[in-house]
Amino acid sequence: QVQLQAYGGGLVQAGRSLRLSCVASIVDFSINALGWYRQAPGKQRELVAGITSGGRTSYADSVKGRFTISRDDSENTLYLQMNSLKPEDTAVYYCNADLTTARAMGERDYGRDFWGKGTQVTVSS
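Residue positions are counted from 1 within each chain, in the order its sequence is given. For a predicted model such as this one, the threshold for reporting local features is a pLDDT of at least 70, and the threshold for listing and counting side-chain atom pairs is 80 or more; totals across whole chains, interfaces and linings nevertheless cover every residue. Based on all heavy atoms of the structure, the side-chain values leave hydrogens and waters out of the count.

1. Digging into the pattern of salt bridges
Basic side-chain nitrogens of Lys or Arg form a salt bridge, by our definition, when they fall within 4 Å of a carboxyl oxygen of Asp or Glu. Tallied over the entire structure, the rule returns seven salt bridges. The network of salt bridges with shared partners includes Arg38, Glu46, Arg66 and Asp89.

2. What to know about the sheet that holds strand β8 (residues 77-82)
One open sheet holds the four strands; their spatial order is β1-β3-β8-β7, and the pairing between them is antiparallel. One side of each edge strand has no neighbouring strand; the edge strands of this open sheet are β1 (2-7) and β7 (67-72). Pairs of neighbouring strands in the sheet enclose a mean axial angle of 15°, with direction left out of account. Each pair of strands is called paired provided DSSP finds at least two bridges between the two strands. In this text, helices come from DSSP runs of H or I with a minimum length of four residues, and strands from runs of E with a minimum of two, each type numbered from the N-terminal end. To obtain each axis, a line is fitted to C-alpha atoms, and for helices this fit is confined to the stretch in contact; angles are then taken between N-to-C directions over 0 to 180 degrees.

3. Some points on the nonpolar core
Only buried Ala, Val, Leu, Ile, Met, Phe, Trp, Tyr and Cys residues count toward a nonpolar core, and they belong to the same one when joined by side-chain atoms within 4.5 Å. For the exposure calls, accessible area comes from a 1.4 Å probe over protein chains only, and a residue counts as buried if that area is under 20% of its type's maximum, exposed if over 50%, partly exposed in between. Trp36, Leu80, Met82 and Tyr93 are the most contacted members of the largest nonpolar core, which has 30 residues in total. For this core, the secondary-structure elements that each account for two or more residues are β1, β3 (18-26), β4 (33-39), β5 (46-52), β7, β8, β9 (91-98) and β11 (119-124). Note on contacts: a residue pair qualifies if any of its non-hydrogen atoms lie within 4.5 Å across the two residues. Setting aside its immediate chain neighbours within four residues, Met82 contacts Arg16, Ser17, Leu18, Leu20, Arg66, Phe67, Tyr93 and Val121.

4. Examining the environment of Gln5
As for its position among the elements, Gln5 is in strand β1. Residue classification places Gln5 among the partly exposed positions, given a relative accessible area of 47%. Placed 20 residues apart in sequence, Gln5 and Ser25 show a C-alpha to C-alpha distance of 8.6 Å. Every residue in contact with Gln5, bar those within four places of it in the chain, is listed here: Ser21, Cys22 and Val23. The definition of a polar contact used here is a pair of N or O atoms within 3.5 Å, where within protein one atom must be able to donate a hydrogen and the other to accept one, and adjacent residues in sequence count solely through side-chain atom pairs. Side chain to side chain, Gln5 and Tyr7 meet in a polar contact 2.4 Å long.

5. A closer look at the environment of Thr122
Its location among the elements puts Thr122 in strand β11. Sequence-wise, Thr122 and Thr90 are 32 residues apart; in three dimensions their C-alpha atoms are separated by 4.6 Å. The contacts of Thr122, once residues within four sequence positions are left out, are Gly10, Leu11, Val12 and Thr90.

6. Structural notes on the state of the cysteines
We call a pair of cysteine sulfur atoms a disulfide when they lie within 2.5 Å. With the rule as written, the count across this model stands at one disulfide. Put simply, Cys22 and Cys95 are joined by a disulfide, and their sulfur atoms are 2.1 Å apart. Here Cys22 and Cys95 share a disulfide; its torsion about the S-S bond, 55°, makes the bridge right-handed. Remark: Cys95 occurs in strand β9 and Cys22 occurs in strand β3; sequence separation between them is 73 residues.

7. Description of the side chain of Thr77
Inspection of the secondary structure puts Thr77 in strand β8. The exposure class of Thr77 is buried, given its relative accessible area of 7%. In terms of polar contacts, Thr77 uses its side chain to reach the backbone carbonyl oxygen of Glu75, at 2.9 Å. The residues touching Thr77, leaving out its near neighbours within four places in the chain, are Ser21, Cys22, Val23, Ser70, Arg71 and Asp72.

Remember, this is a structural readout, not a statement about activity or role.
As structure tokens, this is what we get:
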């Protein structure tokens, strides 16, 4: 099974940076994709960035060139480096393991979906 814990949200001024972390505890399960999602008030949850086990990445058009997804397998940690933050980046950010992200990226999944509790990112103008 998989448990996810996200960290790093907060209040930041536009133009500044934040790094989100998601620590995964994985026991007797395989993961083929990891992703960051966000949901702003009144909007649908959207995929911000995803990364496959092979290292292929995908980004929402709105964050390309500003955000970078990465992972540290030795620490079982997923990261989202967010630079040049804009007020429209304000949302609750969630990390996801496997099914949802894998399918969104056209990758094989292992039939289970895991979500971390959201962390709030607020960008002031």
